[in-house]
Amino acid sequence: MAQHRRGLRPAAALAFAAVPLGFLAVFFAWPVAAIVRLGFGSGAAGVLRVLGEGATWRLVGFTLAQAAASTAVAVLAGLPVAFLLARVPGSALVRVAVLVPFVLPTVVVGLAFKALLPDGGVVAIVLANAFFNVAVVARTVGGLWAHVDRRAEDAARALGASRWRAFTSVTLPALTPALGSAAAVVFLFCATSFGVVLLLGGARHRTLETEIYLRTVELLDLPGAAALSLVQFLAVVGVLVVGAVARRRRENALSLRGQAETVRRPRGGEWVAAGLGYAVVVLLVVPIVTLVVRSFAGGTAGYEALAGTGFRGSLQVTGLEAALNSVRVATDATLLALVLGVLASVALVTLGRSRVRPGVVEAVDTALMLPLGVSAVTVGFGYLVTLDALPGDLRTSAALVPLAQALVVTPLVVRTLLPVLRSVDERLRQAAATLGAGPWRVWREVDVPLAGRSLLASAAFGYVVALGEFGATSFLVRPDTATLPVVIGRLVARPGELNNQMAYAACTLLMGVTVVIALLVERLRVRGVGEF
Amino acid sequence: MLAVSGLSVRYGTVAAVSDVDFEVPDGSVLALLGPSGCGKSTLLRAVAGLEVGTGSVCWDGVDLSGVPVHRRGFGLVFQDGQLFPHRDVAGNVAFGLRMAGTPRAERDARVGELLELVGLGGHAARRVGELSGGERQRVALARALAPRPRVLLLDEPLSALDRALREQLAVDLARVLRVSGTTALVVTHDHDEAFTLADRVAVMRAGRVRQVGTPDEVWAHPVDDETARFLGCGRVLDAAELAVFGDPPRRGRVGLRPSALRVGPGPVHGEVTARVHRRDHVLLVVAAEGLGRVDAVAGIAAAPQVGARVSLVLDPGGVVPVGQPSRVSIRDRAIE
């Protein structure tokens, strides 16, 4: 028999992947490479000087230490919540309550913790970073936990293990891949966290990310900033590789049970875990409530001020104009990210099904994830350095911001869509083929209907993230087209109580929109699949 | 007619299917029978076009190499149904008709007709998630039959069901295949199932077809020791060893079905080493003097316990000749 394959050929899949990879090359790899070159521009001396400074290593130390502490807090707080999501009935509300912090714009979270802990400092930074990422831990781990066969635990109990012993010796090892993958992602997010650290740390507590920003924008020390970007980039690649390994183990481990079989009311000691979970959920709500309360501290003055440009014209746009800018930019970014993300997911899942070496698939996968971890500030900075070389007037054009945001959103689309596409049973597709469906028809009849809801969910999710994007946007946006998060950042940095009230009001509005969309995502989500 | 010749499938260095030949005439059913891992499912998938192999798969003399799976017109039923979860029962059955562009009215009529045929009339609007295992397999069968496939391929269609349901569905499946006049290739590891469904049986082992014949032929004359054991002969031995019972009923190699030896007043004695309850009898393992370990049956009432001394009698009807039947003997049997 002649060689023939069903479905997309690997060559076609690679052509599909070429589009997002090309985008990645122009709008990510090139700017980052330019930063690297800039770092070495005046010879290696500039970089070596920066690397030789004690201050640099204190910066690296603080960045890693605060990320590690935040990750630890997020994991410890996330585990009981994961238990709630996986094993206790009626967790839909909990699910939403943990999702909301994750999608809140960084400036909103920063401001909420500023209202809560006015003195700021390291504790505020760690708590705020953890606050964001409890959702990542709870949902990633909870997703796996929900499908871990409860009978393995029962077997351990029947063999004489206590409930706690059964948890540590049976359940926890089963959850390790998800825990590892979640911790790696959280560490990455915390290490490159920008808005929160800038708002809460100010000039006192600086990480690599904020230092890059400060050196570029305020000290104009480009070689120094580039050298720091380089250090950060290397760290991120390292963490991503660890995450990819953990993820592979997890996807191998998915031969599991339906969720309905594993949910029941807690018993005995399980109530302690459930209680801790509920306590975490309550704690997550506190900063949100504080923010809303603070926004009404001066009556509705803050909200009324949104129609204007702030105290003594602090801004070049009114709050309402900024909101409209945000909506417009986020829409463009989401559409672009959807096109790129769908192409990338289809390519990855096709390559995965073909007999291409798994290493190739993983390499493409990891490459697509890089923007998620590499500091948005570095990328924004890179744009400023490189995009003059492109035809047209891209560097100063309004199209630049959606491009940068799409870079951040695309990996999220891929991570939401890809697991669902991968979970479609190959034999279901073969059944369609034996019934006369050609390769494209199989996609239309089987994959698209099964993954359609996830596509919508990823679009909504991406939209929220684009809406709240702060790091790259604050670098690239012009003052007269500022988005809402950028405006908030600017208001907080300027004096005047009116500016403060206006910032809190804007945050509350942004949060409202975010929560509504998060609820939409929750409704559209396919149960138990997807990583966020 | 489906004709497979010289078909081989390799996974890396492992030969899953080696140089297999068989034919399935129009309207007949061939069962591929063999233990798990013998390559029978791979062979089926290669016929469907889902695996790449060497050799040829021909339909009415036309080589299907290079014809992709969706243009072969071969229906396939998986062990676990693989129904489309986002479509209801009717939507599943209508799928192949939609792919073929059948007009709506005709499609609806055909769906109703097939659901009646598999005994699920009135279930058209049910969600597939609400169906029991047996119902799911019925829908899968109706779905595969709806576009009138040239050949129906069934991969362990009943193995996921429990025993009572399996036996009932095997009878229904045999009826449906007969009524619809379908040419079918069915893979199974269960010889009862194979003999119920098929006109002819191909016994596979280690990627090769060892014996092809009607169920009667295969059952009455296994081609070698392994096949005899696979078909349920507890012992395969030289007929001469049966001399302890008196004059041997045959010559050459013979297989002993469990029913060949039963507890009763006979010349051979032994000790019961194990007993298993079967539906209408008790199966014993007996360490028999001069014969070694053999299976024997006893009535359920007063069946001997483990450790008991028993005597055995030989029932010549349970002794099967094993080995290549010579042409002469086949012709002799045909004349008889």
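The name recorded for chain A in an unreviewed UniProt entry is Thiamin ABC transporter, transmembrane component, from Actinokineospora spheciospongiae. Among the UniProt annotations of chain A, the heading Sequence similarities (unreviewed entry) holds the following wording: "Belongs to the binding-protein-dependent transport system permease family."

Caption draft 1: Region of interest: the overall build of chain A. Looking only at helices and strands, chain A has 22 helices and 0 strands in total. Going through the 532 residues of chain A one by one, you find that 57% of them count as buried. Counted over contacts in chain A with a minimum sequence separation of 6, partners at least 24 positions apart contribute 83%. Approximately 20800 Å² of chain A is accessible, and the part contributed by carbon and sulfur atoms is 67%.

Caption draft 2: Geometry of the sheet that holds strand S8 (residues 184-188) of chain B. All names here are of chain B. Ordered in space as S6-S7-S8-S3-S9-S10, the 6 strands form an open sheet in which the pairing is mixed. Looking at which strands have only one partner, the edges of the open sheet turn out to be strand S6 (74-77) and strand S10 (208-213). Averaged over all adjacent pairs, the angle separating strand axes in this sheet is 20 degrees, with direction ignored. Judged from the 4 bridges that link them, strand S3 (residues 29-33) and strand S9 (residues 200-205) form a sheet pairing that is parallel.

Caption draft 3: View of the nonpolar core. Val141, Trp145, Tyr383 and Ile488 of chain A are the most contacted members of the largest nonpolar core, which has 166 residues in total. By residue number, the principal contributor to this core is helix H17 (residues 400-422) of chain A, which donates 15 residues. In this structure, Ala31, Val139, Leu161 and Val201 of chain B belong to the second largest nonpolar core, which totals 44 residues.

Caption draft 4: Inspection of the packing of helix H4 (residues 133-145) of chain B against helix H5 (residues 163-180) of chain B at higher detail. All names here are of chain B. The contact between H4 and H5 brings their axes to 11 Å, and the two run at 15 degrees. Judged by the angle between their axes, H4 and H5 are roughly parallel. Classified by chirality, the crossing of H5 by H4 is right-handed. In this structure, H4 contributes Gly134, Gln137, Arg138, Leu141 and Leu145 to the contact, and H5 contributes Leu165, Gln168, Leu169, Asp172, Leu173, Val176 and Ser180. In terms of residue class, the contact of H4 with H5 is built from 6 nonpolar, 4 polar and 2 charged.

Caption draft 5: The packing of aromatic side chains, seen in detail. Counting across every chain of the model gives 11 aromatic pairs over all chains. Both rings, one in Phe194 of chain A and one in Tyr213 of chain A, keep their centres 5.0 Å apart while their planes meet at 65 degrees; by these two values the pair is edge-to-face. Of this pair, Phe194 of chain A sits in the loop between helix H8 (163-191) and helix H9 (195-201) while Tyr213 of chain A sits in helix H10 (residues 208-219), placing them 19 residues apart in sequence. This pair shows no difference in class: Phe194 of chain A is buried, exactly as Tyr213 of chain A is. Measuring from ring centre to ring centre gives 6.5 Å for Trp59 of chain B and Phe74 of chain B, while their planes differ by 70 degrees; the resulting arrangement is edge-to-face. Residue Trp59 of chain B is found in strand S4 (residues 54-59), and its partner Phe74 of chain B is found in strand S6; the two are separated by 15 residues along the sequence. Here Trp59 of chain B and Phe74 of chain B have matching classes, each one buried. Above the face of the Trp443 of chain A ring, Arg429 of chain A is positioned so that its terminal group lies 5.1 Å from the ring centre. In this structure, Arg257 of chain B packs its charged tip against the face of Trp219 of chain B, placed 3.7 Å from the ring centre.

Rules and cut-offs
Residues numbered from 1 in each chain as written. Chains lettered and ligands numbered in written order. Predicted model: local features only at pLDDT ≥ 70, side-chain atom pairs only at ≥ 80, totals over all residues. Heavy atoms only, no water. UniProt positions renumbered as here; feature names shortened; annotations may be inferred. Helix = DSSP H or I, 4+ residues; strand = E, 2+ residues; numbered from the N terminus. Buried < 20%, exposed > 50% of the residue type's maximum accessible area, 1.4 Å probe, protein only. Contact = heavy atoms within 4.5 Å. Areas by Shrake-Rupley, 256 points an atom, 1.4 Å probe, with all protein chains shown as cover. Pairing = 2+ DSSP bridges. Axes fitted to C-alpha atoms, helices over the stretch in contact; angles between N-to-C directions. Core = buried A, V, L, I, M, F, W, Y, C linked by side-chain atoms within 4.5 Å. Parallel < 35°, antiparallel > 145°, perpendicular 65-115°, else oblique. Left-handed = near helix turned anticlockwise from the far one by under 90°. Nonpolar A, V, L, I, M, F, W, Y, C, P; charged D, E, K, R; others polar. Phe/Tyr/Trp six-rings, centres within 6.5 Å; stacked < 30°, edge-to-face > 60°. Lys NZ or Arg CZ within 6 Å of the ring centre and 35° of its normal.

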